[in-house]
Structure formats: structure tokens, C-alpha cells
Amino acid sequence: MSRNPGRPLSPHLTIWKWGPAMAVSILHRATGVGLAIAGGLGFVWWLVAAATSADAYATFLAVATSWFGYLVLIGLTWAFFQHMCSGLRHFVLDTGAGYDLRTNKIGAFATMVVSVLLTLLVWAPILLMARH
Amino acid sequence: MGNGTGIGRVRGLGSAKHGADHWWRQRVTAVGNLLLVTWFVFSLFRLPAHDHASVVKWMGSPLVAVPLILLTISVFWHLRLGLQVFMEDYVHEDGSKVAALLAINFYAIGGAALAIFSILKIAFGGVLA
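Residues numbered from 1 in each chain as written. Chains lettered and ligands numbered in written order. Predicted model: local features only at pLDDT ≥ 70, side-chain atom pairs only at ≥ 80, totals over all residues. Heavy atoms only, no water.

J.: Please provide a residue-by-residue account of the overall build of chain A, values included.
T.: When helices and strands are counted, chain A shows 4 helices and 0 strands. Rg of the C-alpha trace for chain A: 20 Å, well past the compact-globule value of 14 Å for 132 residues, more than 25% over. Projected onto its principal axes, the C-alpha coordinates of chain A cover approximately 65 × 40 × 25 Å. In chain A, of all internal contacts separated by at least 6 residues, the share reaching a separation of at least 24 is 72%. Summed over its atoms, the accessible surface of chain A is roughly 8,600 Å², and 74% of this surface lies on carbon and sulfur atoms. (Helix = DSSP H or I, 4+ residues; strand = E, 2+ residues; numbered from the N terminus. Rg over C-alpha atoms; globule rule 2.2 N^0.38 Å. Contact = heavy atoms within 4.5 Å. Areas by Shrake-Rupley, 256 points an atom, 1.4 Å probe, with all protein chains shown as cover.)

Here you go:
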């Protein structure tokens, strides 16, 4: 890409002060890519293993219930809820609502709080039961 | 594309006229994902056991197999659109971009095909529980 050095550059990402809206925007992308690759591959592995044999499924289950498996599953659960909340926020923004600074900031912040709460709601009972 | 008149120089360089379609399909599959993945997380959570026999028996029900197939279509379609935007934003060299977009399509269609075939095999009783 060639550019005319005589022309001004548009402001780069690095000069902006980080706010919740920017964080949620890049989180939406990061969680989306994470879900698409790790979630997609895990989902296909789960189904193919189940359709292949009890042994193949046992291998899947052994990996999924190892500490690493739990880490990935908890991560995917959070990524799903973050992407979901952020996606719901996008639906609101699509209608043209929620752009004034205060509402926009609160909305962005809320997606992060709700995604963590929903992840806890799913995993706290599972992890508590596993200990007993 | 000509190089004589002004309109001749710019013809064919505009949008592909598929932007609104892409945007709309992303929203439609997003709503699909919202319903189906929420159902999926909730169902897995409520399943009393996650061993092979329980999962195969669970997936044998039409009310599980059909939503699971719809989920696969909705999710893989959505991720194909999303990954496409991701690559278009960050991969600028034409050759790599085409390779990346090809890989995404193969991944999305291949993954969905494997998943749907597996669900059907289980649902039609092709797997011993």
C-alpha cells in the first residue's frame, strides 16, 4: 500500500483512551473467533466421537473433563455469553438507539458484567457438585 | 472495464451489491443462535449424565436431533459470515485473502456436514448405545 506522505493520517487506534465500548467491540470479535474455531472444532469432535463408538466418546470425555478441558469449556461458556450479550446490544444499536454516551457506556459495561454472572450461574453448580 | 470515459474507469470497482444480504443473514442466524445455543447449554446442563449411552439415547429423540441439526446450520453459517469479515479486515494481500476465505468455507461446510451426519446416524439408530 503506498500513501502520499503529504496527506494526514486518520487517528490510529493507539491514541484513543480505552473505554468499555472499545473493549466490548474487540471482545465481540475475539470471542467470536474463539467460538468459531475452538467451539466449532469441539462441537464436531463431540458429535463425531458419539457417532463413532463408545471408545471414541470415552477419549473425548476424558479430555473434556480434564483440568484443561474444563478450562476450555468454561472459557467457551464465557465467550458464548459475552458474544451473546454483545450481540443483543448490537440489535439495540441496529435500531439507532443507545448511542448517547452515558447509555452506550452503561450498555457496554453491562454485557461484561452479565456474561460473567451467567458463566458463574452455569459453572458454580457443576464445579460444586464435582467436589462432592 | 474501459479506460476512456470516467464511468468506464470506475465500472466494476464498486461494491459487490451483497453487503445488505450478508448483514441480514448474519442477523437472522444470530437470532437462530440465540434460541438454539441457549436451548443447547440449558439441555446439556439438565442432562443427568454425559456418558456415551445417555447422550446417544438423548440424541435419538426427534425433539433433540432436529434442533441440534438446525443449531449446526445456524452456527456454522453465522461463523462463516463472521470469520469472512474478520479475514477481510485483517488480510490485505489478495492471494492470502482468497486462500483464507477458501479455508473458511471449507471449514464451515466440512464441519457442519460432519456434525449433521453424526447427529443423523445417532438419531436413526446407527450407533449402539
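Further notes follow.
J.: With reference to specific residues and values, describe helix H3 (residues 52-59) of chain B.
T.: An α-helical segment advances 3.6 residues per turn. Residues three or four places apart therefore align on the same side. Taken together, the buried positions of H3 of chain B are His52, Val55, Val56, Trp58 and Met59 of chain B. Seen from one end, H3 of chain B has its buried residues packed into an arc of 160°, which puts them on one side. Buried residues belonging to H3 of chain B abut helix H1 (20-52) and helix H2 (54-64) of chain A together with helix H2 (19-46), helix H4 (62-90) and helix H5 (94-123) of chain B. (Buried < 20%, exposed > 50% of the residue type's maximum accessible area, 1.4 Å probe, protein only. Arc of directions from axis to C-beta.)

J.: So what about H2 of chain A? Which residues, and what values?
T.: Among all positions of H2 of chain A, only Tyr57, Phe60 and Ala64 of chain A are buried. In a view along the axis of H2 of chain A, the buried residues occupy a sector of 60°, so they form one face of it.

J.: Tell me about a nonpolar patch on the surface, and please be specific about residues and values.
T.: Residues Phe109, Val113, Val114, Val116, Leu117 and Leu120 of chain A make up a contiguous nonpolar surface patch of roughly 530 Å² in combined accessible area. Note on placement: Val116 of chain A falls in helix H4 (residues 101-131). (Patch = residues over 30% accessible without salt bridge, like charges linked within 9 Å, V, L, I, M, F, W, Y side chains within 5 Å. Salt bridge = Lys/Arg side-chain N within 4 Å of Asp/Glu carboxyl O.)

J.: Explain the pattern of salt bridges to me, and be specific about the residues and the numbers.
T.: Opposite charge on two side chains allows them to pair when their charged atoms are near. Under the criterion given, the structure shown has 3 salt bridges over all chains. The salt bridge involving Asp89 of chain B is made with Arg29 of chain A; its shortest N-O contact spans 2.6 Å. Taken together, the positions of Asp89 of chain B in helix H4 and Arg29 of chain A in helix H1 put the pair across two chains. Classification of Asp89 of chain B as partly exposed rests on a relative accessible area of 36%. Accessibility expressed as a relative area gives 23% for Arg29 of chain A, which makes it partly exposed. Across the salt bridge formed by Asp21 of chain B and Arg25 of chain B, the nearest N and O atoms sit 3.0 Å from each other. Placement of the pair is Asp21 of chain B and Arg25 of chain B together in helix H2, with a separation of 4 residues, close to one helical turn.

J.: Explain the packing of H4 of chain B against H5 of chain B to me, using residue names and the numbers behind them.
T.: Axis separation between H4 of chain B and H5 of chain B bottoms out at 10 Å; the angle between their running directions is 175°. Between H4 of chain B and H5 of chain B, the crossing angle belongs to the class labelled roughly antiparallel. (Axes fitted to C-alpha atoms, helices over the stretch in contact; angles between N-to-C directions. Parallel < 35°, antiparallel > 145°, perpendicular 65-115°, else oblique.)

J.: So what about the nonpolar core? Which residues, and what values?
T.: Counting 43 residues, the largest nonpolar core has Phe43, Trp46 and Leu47 of chain A together with Met59 of chain B as its most contacted members. Looking at this core, the elements with two or more residues in it are H1, H2, helix H3 (67-94) and H4 of chain A together with H2, H3, H4 and H5 of chain B. The element best represented in this core is H1 of chain A, accounting for 9 residues. (Core = buried A, V, L, I, M, F, W, Y, C linked by side-chain atoms within 4.5 Å.)

J.: Requested: an account of the environment of Leu61 of chain A, with residues and values cited.
T.: As for its placement among the helices and strands, Leu61 of chain A is situated in helix H2. By relative accessible area, Leu61 of chain A is classed as partly exposed at 24%. Sequence spacing of Leu61 of chain A and Trp46 of chain A is 15 residues, and the spatial spacing of their C-alpha atoms is 8.4 Å. Setting aside residues up to four positions removed in sequence, Leu61 of chain A forms contacts with His50 and Asp51 of chain B.

J.: Explain the environment of Phe40 of chain B residue by residue, including any values.
T.: Topologically, Phe40 of chain B is positioned in helix H2. The class for Phe40 of chain B is buried, based on a relative accessible area of 12%. Considering only alpha carbons, one finds Phe40 of chain B and Gly60 of chain B, 20 residues apart in sequence, at a separation of 15 Å. The residues contacting Phe40 of chain B, other than those within four sequence positions of it, are Phe43 and Trp46 of chain A together with Leu68 and Leu71 of chain B.

J.: Describe the packing of H1 of chain A against H2 of chain A, with residues and values.
T.: Closest axis-to-axis distance for the H1 of chain A/H2 of chain A pair is 7 Å, and the angle between their directions is 145°. Counted together, Gly42, Trp45, Trp46, Ala49, Ala50 and Thr52 of chain A of H1 of chain A and Ala56, Tyr57, Phe60 and Val63 of chain A of H2 of chain A form the full contact between these two elements.

J.: Give me the interface of chain B and chain A: which residues, what numbers.
T.: Opposite the 38 residues of chain B that make contact, chain A presents 27 residues. Taking both partners together, chain B and chain A bury about 2,500 Å²; carbon and sulfur atoms supply 78% of that area. Area buried by chain B at its contact with chain A is led by Phe45, His52 and Tyr107 of chain B, which between them contribute 21% of it. Remark: the boundary between chain B and chain A carries 9 residue pairs in polar contact (both at pLDDT 80 or more). Among the secondary structure elements, those contributing two or more residues to the side of chain B that touches chain A are H2, H3, H4 and H5 of chain B. Looking at the side of chain B that touches chain A residue by residue, the class counts come to 27 nonpolar, 7 polar and 4 charged. (Buried area = accessible area lost by both parts, 1.4 Å probe. Polar contact = N/O pair within 3.5 Å; in protein donor to acceptor, adjacent residues only side chain to side chain. Nonpolar A, V, L, I, M, F, W, Y, C, P; charged D, E, K, R; others polar.)

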